[in-house]
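# Remarks on the overall topology
Now for the letters of each chain:
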Amino acid sequence: MSIFEYNGSAVVAMVGKNCFAIASDRRLGVQLQTIATDFQRISKIHDHLFIGLSGLATDVQTLYQRLVFRHKLYQLREERDMKPETFASLVSAILYEKRFGPFLCQPVIAGLGDDNKPFICTMDSIGAKELAKDFVVSGTASESLYGACEAMYKPDMEAEELFETISQALLSSVDRDCLSGWGGHVYVVTPNEVKERILKGRMD
């Protein structure tokens with residue numbers, strides 16, 4: 001078993017019309033044993049920027065703390081919030097810096113940039129970025145997430161339809177992966193508000 005599969009995870013981000021959604025499962029396990037059912041994989045950097053971290057749970061928390069620290073330094077120096085593209089470059093640089101003993105995480109970054117244009121990207125554990133205009137996935141359930149998102153996604157969805165689509169994609173995907181699941185956690189972000197919802201899924 002790969003070390004990336006040790007705790008199990010599923011993270012997906014999807015783009016809508018001037019909005020985006022990011023969702024994850026809630027299971028924290030040690031291989032096939034479930035440890036917690038309310039694990040937080042998605043974190044808020046600021047109102048229009050979120051990061052989801054799949055991979056080894058200890059590194060998820062360490063990397064998140066480091067990113068919050070670097071973003072606060074940026075806010076103090078620049079007196080503004082970081083743009084999603086800038087933040088993606090920062091995450092990539094932090095990961096690549098540790099490439100010989102990497103953080104065992106695969107980040108998914110989602111944010112609203114200039115003119116409320118949604119931006120999503122993912123990267124591997126050494127910071128190689130993969131940009132997309134529709135959706136990005138990571139975690140142990142990524143194969144089934146690709147299939148579900150390919151089938152369900154359509155461009156320019158409004159916020160409510162986007163929530164429905166990403167939720168159905170997440171729930172149907174984690175049912176096909178025994179290392180992730182136990183409900184879901186969804187954020188839908190528009191220029192004016194952030195909606196956070198907890199999904200109930202199969203509890204096995």
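Residues numbered from 1 in each chain as written. Predicted model: local features only at pLDDT ≥ 70, side-chain atom pairs only at ≥ 80, totals over all residues. Heavy atoms only, no water.

An unreviewed UniProt entry lists the chain under the name Proteasome subunit beta, with Arabidopsis lyrata subsp. lyrata as the source organism.

## Description of the sheet that holds strand 6 (residues 49-55)
As a reminder, the rule being used: DSSP calls a pair of strands paired once it identifies at least 2 bridges connecting them. Under the scheme used here, helices are H or I runs from DSSP no shorter than 4 residues and strands are E runs no shorter than 2 residues, and both carry numbers assigned from the N terminus. The axes used here are C-alpha line fits, helices contributing only the stretch in contact, and every angle between their N-to-C directions lies in the interval 0 to 180 degrees. We call two residues contacting when some pair of their heavy atoms lies within 4.5 Å.
The sheet built from 5 strands is open, its strands ordered 5-6-7-8-9 with antiparallel pairing. Only two strands of the sheet have a single neighbouring strand rather than two, namely strand 5 (42-46) and strand 9 (129-132). The average undirected angle you get between the axes of adjacent strands in this sheet is 20°. Sheet topology note: the strand 8 (residues 118-123)/strand 9 ladder contains 4 bridges and is antiparallel. Bridge pairing links Cys121 to Leu131 in strand 9. Across the sheet, helix 1 (residues 57-78) touches strand 5, strand 6 and strand 7 (105-112), and the angle it forms with strand 6 is around 155°.

## Some remarks on the environment of Lys17
This is how it is decided: For every residue, the accessible area (1.4 Å probe, protein chains only) is compared with the maximum for its type, and the residue is labelled buried under 20%, exposed over 50%, or partly exposed between those bounds.
Secondary-structure assignment places Lys17 in the loop between strand 1 (10-15) and strand 2 (20-25). Given a relative accessible area of 45%, Lys17 falls into the partly exposed group. Considered as a pair, Lys17 and Ala36 are 19 residues apart in the sequence and their alpha carbons are 35 Å apart.

## What to know about unusual backbone geometry
Of note in this structure, Gln31 is not a glycine but carries a positive phi near 55°. With a phi close to 55°, Asn116 is a non-glycine residue in the positive phi region. Examined against the element boundaries, Asn116 turns out to sit in the loop between strand 7 and strand 8. Asn116 sits in the partly exposed class, given a relative accessible area of 28%.

## Looking at the pattern of salt bridges
As a reminder, the rule being used: We define a salt bridge as a contact between a side-chain nitrogen of Lys or Arg and a carboxyl oxygen of Asp or Glu at a distance within 4 Å.
All told, the structure shown has 9 salt bridges when counted by the stated rule. In this structure, the salt-bridge partner of Lys83 is Asp114, at a minimum N-O distance of 3.6 Å. Taken together, the residues span a long stretch of sequence, with Lys83 in the loop between helix 1 and helix 2 (84-97) and Asp114 in the loop between strand 7 and strand 8 at a distance of 31 residues. Residue class for Lys83 comes out partly exposed when judged on its relative accessible area of 35%. Between Glu193 and Lys195 there is a salt bridge, and its shortest N-O distance comes to 3.8 Å. Linked through salt bridges whose partners overlap, the residues forming this network are Glu160, Glu193, Lys195 and Arg197.

## A word on the sheet that holds strand 12 (residues 194-199)
One open sheet holds the 5 strands; their spatial order is 10-1-2-11-12, and the pairing between them is antiparallel. Two strands in the sheet have a free side with no partner beyond their single neighbour: strand 10 (135-139) and strand 12. Here the strands of the sheet are splayed against their neighbours by 10° on average, with no regard to which way each runs. For strand 2 and strand 11 (residues 184-189), the ladder comprises 6 bridges, and the chain directions are antiparallel. Counterpart to Ala23 in the pairing with strand 11 is Val186. Sitting on the sheet, helix 3 (residues 142-152) touches strand 1 and strand 10, and the angle it makes with strand 10 is about 160°.

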